[in-house]
Amino acid sequence: MKILISNDDGYRSDGIRCLTSALAEIPEVTVTVMAPERNRSGASNSLTLDVPLRVVQLEPNIYFVAGTPTDCVHLAISGFFDDEYDIVVSGVNDGANLGDDVLYSGTVAAAIEGRFLGLPAIAVSLCTQGVKPAHFATGAKVAARLVRQLLKSSLDRALILNVNVPDLTYADLKGFRTTRLGFRHRSEPILRAHDPRGRPVYWVGPAGRGQDAGPGTDFDAVAEGFVSVTPLQIDLTRHAALPALNSWLAGIDD
Ligand code: MN
């Protein structure tokens, strides 16, 4: 099995290093890393279209790109390498990707870009909360277990598994739970500040707290100490709204 590894925290992050070593230990597996050269968290599914992309080979199987997570995976599976990959594993992200986070996440975006490969793509995030050191090795071990399970028993391709791991030692994890995405309250307000020249600047504020975070959700599983595994799809169509919208449009004025 040929695994392409990427992330949105950059190729030097602890999470991707732990993930690479954990996956490389699986006997049937070869790993290649193509990741952004700096932290691109929040890049979502953006592609760089206005400037060319340069790829730097750091080690025989480690490459970095001055681009987004989606750029990295797109390059890797659309012609940079002669090899075909079987799966993309993205992470281990420094921070949860729960509920609405998946819309902004570069970690999830890297996995989404790999959805055309032969196996489900996996995005792994560690639910860090500023406590150091974070347990990236736990997230990496969880990813390796999921990959070994895929080797043993396949799942539909074009599925994206969004995996969130509590920031605990591996022994303290309670197990796996299949979940749906919850959603968050509206995010905290922007933060206003001034630059050294007295001009106003703004920071995007923290994400909101879990609003739909009850049983069955990703928020709840992680809070209970379980690894949350949510199956994602790309179809954003709200199918139930089609008839009402159709009638609404039928009455539109000239
Ligand atoms: Mn990140």
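Our structure's up above, just so we're on the same page.
Here goes a summary of the coordinates provided.

What counts as what
- Residues numbered from 1 in each chain as written.
- Predicted model: local features only at pLDDT ≥ 70, side-chain atom pairs only at ≥ 80, totals over all residues.
- Heavy atoms only, no water.
- Core = buried A, V, L, I, M, F, W, Y, C linked by side-chain atoms within 4.5 Å.
- Buried < 20%, exposed > 50% of the residue type's maximum accessible area, 1.4 Å probe, protein only.
- Helix = DSSP H or I, 4+ residues; strand = E, 2+ residues; numbered from the N terminus.
- Contact = heavy atoms within 4.5 Å.
- Disulfide = S-S within 2.5 Å.
- Donors = N, O, S within 2.8 Å, 3.2 Å for Na, K, Ca; no water.
- Salt bridge = Lys/Arg side-chain N within 4 Å of Asp/Glu carboxyl O.
- Axes fitted to C-alpha atoms, helices over the stretch in contact; angles between N-to-C directions.
- Parallel < 35°, antiparallel > 145°, perpendicular 65-115°, else oblique.
- Left-handed = near helix turned anticlockwise from the far one by under 90°.
- Nonpolar A, V, L, I, M, F, W, Y, C, P; charged D, E, K, R; others polar.
- Polar contact = N/O pair within 3.5 Å; in protein donor to acceptor, adjacent residues only side chain to side chain.
- Patch = residues over 30% accessible without salt bridge, like charges linked within 9 Å, V, L, I, M, F, W, Y side chains within 5 Å.
- Areas by Shrake-Rupley, 256 points an atom, 1.4 Å probe, with all protein chains shown as cover.
- Pairing = 2+ DSSP bridges.
- Right-handed = clockwise from strand over helix to strand, strands pointing away.

## With respect to the nonpolar core
Right, so step 1: Grouped together as the largest cluster of nonpolar side chains are 37 residues, with contacts concentrated most on Ile3, Leu23, Val89, Ile122, Val147 and Val163.
Right, so step 2: At eight residues, helix α5 (residues 136–152) tops the list of elements feeding residues into this core.
Right, so step 3: Apart from residues lying up to four places away in sequence, Ile122 is in contact with Ile87, Val88, Val89, Ser90, Ala111, Leu146, Val147, Leu150, Leu161 and Val163.
Right, so step 4: Counting residues in each nonpolar core, the second largest holds twelve residues, with Leu4, Ala76, Ala110 and Leu117 among its members.

## Things to note about the state of the cysteines
Right, so step 1: All chains considered together, the criterion is met by zero disulfides.
Right, so step 2: Take Cys127: it sits in no disulfide, and the sulfur closest to it among the cysteines is that of Cys18, at 16 Å.
Right, so step 3: A residue is classified by how much of its surface remains accessible, and Cys127, at 7% relative accessible area, is buried.

## As for the coordination of the manganese ion
Right, so step 1: Protein ligation of the manganese ion involves Asp8 (OD), Asp9 (OD), Ser41 (OG) and Asn93 (OD1), the donor distances falling in the range 2.1 to 2.2 Å.
Right, so step 2: Of the residues examined, Asp8 reaches a relative accessible area of 2% and is grouped as buried.
Right, so step 3: Since its relative accessible area comes to 43%, Ser41 is described here as partly exposed.

## Things to note about helix α1 (residues 14–24)
Right, so step 1: Every buried residue of α1 is listed here: Gly15, Ile16, Leu19, Thr20, Ala22 and Leu23.
Right, so step 2: Residues of α1 that are buried sit in contact with β1 (2–6), β2 (30–36), β5 (87–94) and α5.

## Some remarks on the pattern of salt bridges
Right, so step 1: Applying the stated criterion to the full structure yields five salt bridges.
Right, so step 2: For Asp212, the salt bridge is made with Arg180, and the minimal N-O distance between the two is 2.8 Å. Here Arg180 lies in the loop between β8 (176–178) and β9 (183–184) and Asp212 lies in strand β12 (residues 210–212), a separation of 32 residues in the sequence.
Right, so step 3: A residue is classified by how much of its surface remains accessible, and Asp212, at 18% relative accessible area, is buried.
Right, so step 4: Judged by its relative accessible area of 42%, Arg180 falls in the partly exposed class.

## Points about the packing of helix α2 (residues 69–80) against helix α4 (residues 106–113)
Right, so step 1: At a closest axis distance of 8 Å, the pairing of α2 and α4 adopts a crossing angle of 20°. Classified by the angle their axes make, α2 and α4 are roughly parallel. When the axes of α2 and α4 are compared, the crossing they make is right-handed. Across the interface between the two elements, Pro69, Thr70, Val73, His74 and Ile77 from α2 touch Gly106, Ala109, Ala110 and Glu113 from α4.
Right, so step 2: Counted by class, the contact of α2 with α4 contains five nonpolar, three polar and one charged residues.

## Quick notes on α4
Right, so step 1: A large share of α4 lies buried, amounting to eight of its eight residues.
Right, so step 2: By the burial criterion, the buried members of α4 are Gly106, Thr107, Val108, Ala109, Ala110, Ala111, Ile112 and Glu113.
Right, so step 3: Looking at where α4 begins, the residue whose side-chain oxygen comes 3.1 Å from the main-chain nitrogen of Thr107 is Ser105.

## Quick look at a nonpolar patch on the surface
Right, so step 1: On the surface, a nonpolar cluster with roughly 460 Å² of combined accessible area is contributed by Leu245, Trp248, Leu249 and Ile252.
Right, so step 2: The topology assignment puts Trp248 in helix α7 (residues 242–250).
Right, so step 3: For Trp248, a relative accessible area of 62% corresponds to the exposed category.

## Re the sheet that holds strand β3 (residues 55–59)
Strand pairs in the sheet, formed through backbone hydrogen bonds, run parallel or antiparallel to each other.
Right, so step 1: Strand order across the open sheet formed by nine strands is β3-β4-β2-β1-β5-β6-β7-β13-β8, with mixed pairing between neighbours. Where the open sheet ends on each side, the last strands, each with one partner, are β3 and β8. Taken over all neighbouring pairs, the strand axes of this sheet differ in orientation by 25° on average, direction set aside.
Right, so step 2: Sheet contacts for α5: β1, β5, β6 (121–127), β7 (160–166), β8 and β13 (227–232); angle to β5, the most-contacted strand, approximately 160°.

## Side note on the pairing of β7
Right, so step 1: Buried residues dominate β7, accounting for seven of its seven residues.
Right, so step 2: By the alternation rule, side chains of β7 split into Ile160, Asn162, Asn164 and Pro166 and Leu161, Val163 and Val165, which are all buried.
Right, so step 3: Looking at chain direction, β6 and β7 are connected through seven bridges and run parallel. Each residue of the ladder has a partner; that of Ala123, found in β7, is Asn162.
Right, so step 4: Running through α5, the crossover from β6 to the neighbouring parallel element β7 is left-handed.
Right, so step 5: Relative to β13, β7 runs antiparallel, the two sharing five bridges. Paired with Val163 across the bridge in β13 is Val229.

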